[in-house]
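The residues making up each chain are set out below.
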Amino acid sequence: MKLSTQINLGLFFIILLAGVGAGTIEVYQTKTQVERSANVLAQKTASQLADQLSALLSRQSPQQRSELGENQLSEDNLVSSILTTALTNDKLSTISIENTDGIELVKKESVSEPSSKSILSGVIELSDAQSQEAIGSTSMVVKVTSSPETHYHFLWQQLLKIAVFCVAIYLLSLIAVIVIANLATRPLSKVTKKLNEIQNNDFTPSSIKSATADFRYLVSAANNLSLALESKFQELTRQAEQFKSVASRDTLTKIANRNAFDRHMKALIGGISGPKEHSLTLVRLAQLTTINHKLGMLAGDNYVCGVADVLKKASQDDFKGAFVFRISGGDFAIISEVQSKEVHEENLALISKSFTTINPLRDGNKAAWIGVARFTNSMSMKEIMESADSALMAATKRPQGWQFASDIAQVHSNAQWRQRLEYVVSQQYADILIQPVMNLERNTPSYYETFARFKDKQTNDVIPMSQLIPASERLDLIPQVDRLVTSIVFKKLKVTSHQVAINISNASIANTEFREWLIQQLSEHEALCHRIIFEIQDAALIHYNEEAISFCKRVTQLGCRITVEHFGDNFASLSGLRAIQPAYVKLSGRLTESIHTNKDNQLFVSSLLNIARSLNIKVIAEKVENEAESVALNNLDIIHQQGYYFSKPALWTVY
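Here we summarise the structure given alongside this text. Residue indices follow the written sequence of each chain, beginning from 1 at its first position. Local features in this predicted model are restricted to residues of pLDDT 70 or higher, and side-chain atom pairs are both shown and tallied only at a pLDDT of 80 or more, whereas totals for entire chains, interfaces and linings draw on every residue. Neither water nor hydrogens contribute to the side-chain values; these are computed over all heavy atoms in the structure.

### As for the overall build of the chain
At step 1: Counting from the N terminus, the helices are the DSSP runs of H or I reaching at least four residues and the strands are the DSSP runs of E reaching at least two. Counting secondary structure elements, the chain contains 22 helices and 18 strands.
At step 2: Taking all 655 residues of the chain together, the buried fraction comes to 45%.
At step 3: Accessible area of the chain: about 34000 Å², with a carbon and sulfur share of 52%. Think of it in three bands: with a 1.4 Å probe and only protein chains considered, a residue is buried below 20% of the maximum accessible area for its type, exposed above 50%, and partly exposed in between. Surface accessibility in these figures is a Shrake-Rupley result with a 1.4 Å probe; residues are shielded only by whichever protein chains are displayed.

In structure tokens, the structure reads:
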């Protein structure tokens, strides 16, 4: 309800009460006046009539008075005329002459009645007055009864005047309130309009002035808010534009990353021009995991950077129209124009030789495998990646370490992967590793993230997750893998008190059968739900928005919590946070890496931190590798951290 309406209602009731009070006083005064004046009038009139009738009778002879008698008194015209004349006073009701026995000899009644009587007489009672006087020396008396009708009429007029006065006062007050309220609240309308503009990301400052001192603090706050948000929005926009370029670049090698690779591929295969052939060369570092474990992460990073330098040089010198990407930890890709097979093989031989020279292990094993596939814009992304991955798998069996997809049967590679994955699922076993997410305020783990490791049937070696997950997704087997991992974690939770996080892939979130299975399992293990956190990728909120929101709401209703990974990689995922209300968001590793020296990342992380806190979400920094990074993050008030600086993933043993 508007302020002016509220004020007008208040005025209405106040004026109504005032009018009722004035009317009540008027009625009381009128009744008092009637009682007093009616008695006086009746007495005075009766006295006058008695005198007149006495005088009339005294002028007659005894014989005439005898002839007139009591029975003939009503027929006397002169008496009737006197009584009728007295009744011309509208304040009198009846005049009668009675004998000593109380018998009426003559009676005259007034015939005029004000119209107001019927309206007020049923509500307000005004009593009449009666008086009598003896007529000279006769045995008769004259009785006079006053009439309150004129007083009803007078009272009606007074009440009408009060009502008209109250209505006039109310209308004038109504107009005054509306005018004053509009003038006073006009700044509020401008403030509301400005807040709506701010909600629509229009932070252009505008100076709003207040007509009253009461609203100056609010107007001042709105002006200050607009100016502050304008400044912050400009800074955030600058950071966002800067981060967009950074988000497409790998922070370690400084070459384009997977996001850039996906966009580049979509641009090539989404073109509307005629078929044009390109070449995709996948490079997978075979020794990266071994180097990390034997020589440490720094040696592994140096090796990755060395490989990136080799590929950048090769793309400039040996390939036509080439672009280099780091698409995962140990996987690189080169997209180039098609070359003859002989020229391409020469280039691959040079690349392989360079890899050998920068391999710190020097153990004679192949440092990398290379798969090459040709594609046109008529092919799908899945078909292209299957072809290149098939060549990459076949390259592991070749002495030179590379393979062209055109020389092998693609289905053979897919069949091999299917056999390996089906074997993994059939074993119903996996090694589960855990890594703590530390709460630095308490110096204790908030929870442990779980990682699954599967061994190959033939070699008994751990299958790299960078290979297993893409193959599982390509063959639509990832929901079965996630189901296996979840089941194993449930079993371990029954005999331990840990709070753990389970990673759920996008493909599993999009799979209705998997979601229903998981909800059923959680319902059967409801006592464990408060110790389970599900980690989902922020990309799920973009590509499978409805499924992801539905999944998160159902598991949180059962008592589980949600962590959104890679927070900051995709701006579009921010809109989904409010819908699912996760307990945690985990900053993208590219933002936390070397954050102690990267001022732009520090500013951007601060902005993301403000967004998360406004939604009451805790922030986790992952991939914290050293003390300097941890201190810088702590200075940004990020107390939940995870990475090798605190602990490497370790086998989860349950006794």
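Here the narrative resumes.
### Focus on the pairing of strand E16 (residues 618-621)
At step 1: At least two bridges found by DSSP between two strands are what make those strands a pair. Pairing between strand E15 (residues 584-587) and E16: 4 bridges, direction parallel. Bridging from a neighbouring strand, Val585 pairs with Val619 of E16.
At step 2: Pairing between E16 and strand E17 (residues 640-641): 2 bridges, direction parallel. Within the sheet, the bridge partner assigned to Ala621 lies in E17 and is Gln641.
At step 3: The path from the first strand over the helix to the second decides the hand: if it runs clockwise while the strands point away from the viewer, the crossover is right-handed. Read from E16 through helix H22 (residues 627-635) to E17, the crossover connection turns out right-handed.

### Some points on the sheet that holds strand E5 (residues 278-285)
At step 1: If you trace the 5 strands from one edge of the open sheet to the other, you get E6-E7-E5-E8-E9, paired in mixed fashion. In this open sheet, the two strands that pair with only one neighbour each are strand E6 (323-326) and strand E9 (402-404). The average undirected angle you get between the axes of adjacent strands in this sheet is 15°.
At step 2: In this sheet, strand E7 (residues 331-337) lies alongside E6 in antiparallel orientation, the contact comprising 4 bridges. Bridged to Arg326 within E7 is Phe332.
At step 3: On top of the sheet, helix H11 (residues 381-395) reaches E5, strand E8 (368-375) and E9; it is set at about 145° to E8, its chief contact. Only the contacting stretch of a helix is used when fitting its axis, a line to C-alpha atoms as for every element, and angles between N-to-C directions run 0 to 180 degrees. Contacts were defined at the residue level, with two residues in contact if any of their heavy atoms lie within 4.5 Å.

### Focus on the packing of helix H9 (residues 297-317) against helix H10 (residues 341-358)
At step 1: Axis separation between H9 and H10 bottoms out at 10 Å; the angle between their running directions is 155°. Of the possible angle classes, the one that applies to H9 and H10 is roughly antiparallel. As H9 runs across H10, the sense of the crossing is right-handed. Every residue of H10 that contacts H9 at Tyr303, Gly306, Val307, Val310, Leu311 and Ala314 is listed here: Ile351, Ser354, Phe355 and Ile358.
At step 2: In the scheme used here, Gly and all other residues not listed as nonpolar or charged are polar, with Ala, Val, Leu, Ile, Met, Phe, Trp, Tyr, Cys and Pro taken as nonpolar and Asp, Glu, Lys and Arg as charged. Partitioning the contact of H9 with H10 into residue classes produces 8 nonpolar, 2 polar and no charged. Angle categories: roughly parallel below 35 degrees, roughly antiparallel above 145, roughly perpendicular from 65 to 115, and oblique for all the rest. With the far helix as reference, a near helix turned anticlockwise by less than a right angle produces a left-handed crossing, and one turned clockwise produces a right-handed crossing.

### Remarks on the packing of helix H16 (residues 512-524) against helix H18 (residues 545-557)
At step 1: In the contact formed by H16 and H18, the axes pass within 11 Å of each other and the chain directions differ by 10°. Between H16 and H18, the interaxial angle falls into the category roughly parallel. Contacts from Arg515, Glu516, Leu518, Ile519 and Leu522 in H16 reach Glu547, Phe551, Arg554 and Val555 in H18.
At step 2: Of the residues contributing to the contact of H16 with H18, the split by class is 5 nonpolar, no polar and 4 charged.

### Notes on the environment of Phe534
At step 1: One can find Phe534 in strand E13 (residues 532-537).
At step 2: Under the relative-accessibility criterion, Phe534 is labelled buried at 0%.
At step 3: Spatially, the C-alpha atom of Phe534 lies 5.0 Å from that of Ile502, the residues being 32 residues apart in sequence.

### Quick look at H22
At step 1: When we look at burial in H22, the residues that qualify are Glu629, Ser630, Ala632 and Leu633. Axial view of H22: buried residues confined to an arc of 165°, hence all on one face. Seen from the open side of H22, the exposed residues pointing more than 90 degrees away from its buried face are Glu627 and Asn635.
At step 2: The inward-facing, buried residues of H22 contact helix H20 (589-592), E16 and E17.
At step 3: Put simply, Asn626 is the residue that caps the front of H22, since its side-chain oxygen is 3.2 Å from the backbone nitrogen of Ala628. This arc corresponds to the set of directions leading from the helix axis out to the C-beta atoms. Pairing of N or O atoms within 3.5 Å defines a polar contact, subject to two protein rules: one partner must be a possible hydrogen donor and the other a possible acceptor, and residues neighboring in sequence count only if both atoms are side-chain atoms.

### Points about a nonpolar patch on the surface
At step 1: Patch membership requires more than 30% relative accessible area and the absence of a salt bridge. Residues of like charge join within 9 Å; the nonpolar side chains Val, Leu, Ile, Met, Phe, Trp and Tyr join within 5 Å. Within this document, salt bridges are pairs made up of a side-chain nitrogen of Lys or Arg and a carboxyl oxygen of Asp or Glu, the two lying within 4 Å of each other. A cluster of nonpolar side chains, contributed by Leu9, Phe12, Phe13, Leu16 and Val20, occupies part of the molecular surface with about 450 Å² of accessible area.
At step 2: Structurally, the position occupied by Phe13 is in helix H1 (residues 3-58).

### Remarks on the pattern of salt bridges
At step 1: Summed over the entire model, instances satisfying the criterion amount to 10 salt bridges.
At step 2: The salt bridge involving Lys586 is made with Glu449; its shortest N-O contact spans 2.9 Å. Highlighted residues: Lys586 in strand E15 and Glu449 in strand E11 (residues 444-453), separated in sequence by 137 residues.
At step 3: The exposure class of Lys586 is buried, given its relative accessible area of 0%.
At step 4: Among the residues examined, Glu449 registers a relative accessible area of 3% and is labelled buried.

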